[in-house]
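Summary of structural features
The primary structure of each chain is shown beneath.
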Amino acid sequence: MKKRINLHLFDDTVQGKIDRKYMAHFIDSGSLCNGEATGYERLGEDLEEYNVELNPDTEITPNILGDLSFKHNGYEVSSEADPYYARTDSVLSQKLQEIIDNRYKDDNCKTSALEVHLWEGTATAGYTAWKQDCYIIPTSYGGDTSGYQIPFTVNYVGERTKGLYKPDTKTFTPDSSQSGGGGS
């Protein structure tokens, strides 16, 4: 049996190069599929890599003078959680299965994601975090003998909101002074 190691909280002071474990990604599985409660689950237990792809929409256009103009139309941000192994003790796994079983689409797949900077703050006071709405779309289900897998895509939409994530209560509080950061 694989031993599970809890790497969710850090009270270290981070200096110099930031280790990957300090950039935390959470999905609000409690509100997924029109749920009532908020319940953030951290991604990463079976992931060796997780990247937020910005997918910038840019154009470079030459004109008749030989000059180039540059246009940036924004981002279409997404991530892939692959592999994702379903677990009986995970609300996210249950919600992913519900999406698959009912072939949900549109707002039934909408929730929010948190990006938490564990190098900015403390477990007691909270960490700098960014919240953004997203759609969670399972891409397949099944897998091999290593376990039942439900890989999924996270499609981020709308504006990002800066705030504070408190790990003891698993809550996000928006910063009243700042939000933004270009959605799609």
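Above this text you will find the structure in question.
Residues numbered from 1 in each chain as written. Predicted model: local features only at pLDDT ≥ 70, side-chain atom pairs only at ≥ 80, totals over all residues. Heavy atoms only, no water.

1. Overview of the side chain of Arg42
Operational definition: Strands here mean DSSP runs of E at least two residues long; helices mean DSSP runs of H or I at least four residues long; both are numbered from the N terminus. Relative accessible area decides the class of each residue, using a 1.4 Å probe on protein chains only: under 20% of the type maximum gives buried, over 50% gives exposed, and in between gives partly exposed. Counted as positive: Lys and Arg. Counted as negative: Asp and Glu. His and the chain ends are not counted at all. Any Lys or Arg side-chain nitrogen found within 4 Å of a carboxyl oxygen on Asp or Glu counts as a salt bridge. Contacts described as polar in this section are N or O atom pairs within 3.5 Å, which, within protein, must combine one atom able to donate a hydrogen with one able to accept it, while residues neighboring in sequence count only if both atoms come from side chains.
With respect to the helices, strands and loops of the structure, Arg42 is situated in strand S2 (residues 40-42). The side chain of Arg42 sits in the buried core without any salt bridge; Glu45 is the nearest counter-charge, 9.6 Å away. Only 2.8 Å separates the side chain of Arg42 from the backbone oxygen of Lys21, close enough to count as a polar contact.

2. A short note on the pairing of strand S8 (residues 126-138)
Here is the rule: A pair of strands is labelled paired if DSSP reports no fewer than 2 bridges between them.
The pairing of strand S7 (residues 110-122) with S8 spans 10 bridges and is antiparallel. Within the sheet, the bridge partner assigned to Ala113 lies in S8 and is Gln132. Hairpin connection, S7 to S8: the antiparallel pair is bridged by 3 residues. Of the strand pairs in this sheet, S8 and strand S9 (residues 152-166) are connected by 11 bridges, and their pairing is antiparallel. Each bridged residue has a counterpart across the sheet, and for Ile136 the counterpart in S9 is Val154.

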